[in-house]
Amino acid sequence: MSNEIEHFFERQDEAVSAVFLENKGDELTDILVAALEEAFEILVEAAPAETVH
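Read on for a plain summary of the structure. (Residues numbered from 1 in each chain as written. Predicted model: local features only at pLDDT ≥ 70, side-chain atom pairs only at ≥ 80, totals over all residues. Heavy atoms only, no water.)

1. Here we look at helix H2 (residues 25–46)
Because an α-helix packs 3.6 residues into every turn, residues spaced three or four apart end up facing the same way. Its 22 residues place the ends of H2 31 Å apart at the C-alpha level, agreeing with the 32 Å of an ideal helix rising 1.5 Å per residue. Those residues of H2 that fall on the buried side of the exposure criterion are Leu28, Ile31 and Ala35. In a view along the axis of H2, the buried residues occupy a sector of 60°, so they form one face of it. In H2, the exposed residues that point more than 90 degrees away from the buried face are Asp26, Asp30, Leu36, Phe40 and Val44. Looking at the buried side of H2, the elements it contacts are helix H1 (3–22). (Helix = DSSP H or I, 4+ residues; strand = E, 2+ residues; numbered from the N terminus. Expected span 1.5 Å × (residues − 1). Buried < 20%, exposed > 50% of the residue type's maximum accessible area, 1.4 Å probe, protein only. Arc of directions from axis to C-beta. Contact = heavy atoms within 4.5 Å.)

2. Observations regarding a nonpolar patch on the surface
A cluster of nonpolar side chains, namely Leu36, Phe40 and Leu43, defines an oily patch on the protein surface of about 340 Å² accessible area. With respect to the helices and strands, Phe40 occurs in helix H2. What makes Phe40 exposed here is its relative accessible area of 54%. (Patch = residues over 30% accessible without salt bridge, like charges linked within 9 Å, V, L, I, M, F, W, Y side chains within 5 Å. Areas by Shrake-Rupley, 256 points an atom, 1.4 Å probe, with all protein chains shown as cover. Salt bridge = Lys/Arg side-chain N within 4 Å of Asp/Glu carboxyl O.)

Without other data, these values stay purely geometric and don't point to any function.
Right, dumping it as structure tokens:
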């Protein structure tokens, strides 16, 4: 796993832990949605330009 991805997950873990401690569900949802969007962007960048059948 690259350092960029590891750093991303560390930041997300810290943010999720802080939200759990403060019991803020809406903020947690926003963080999780942002994490999913960023994960999909990483996957799209890593995907090959052409599909193989």
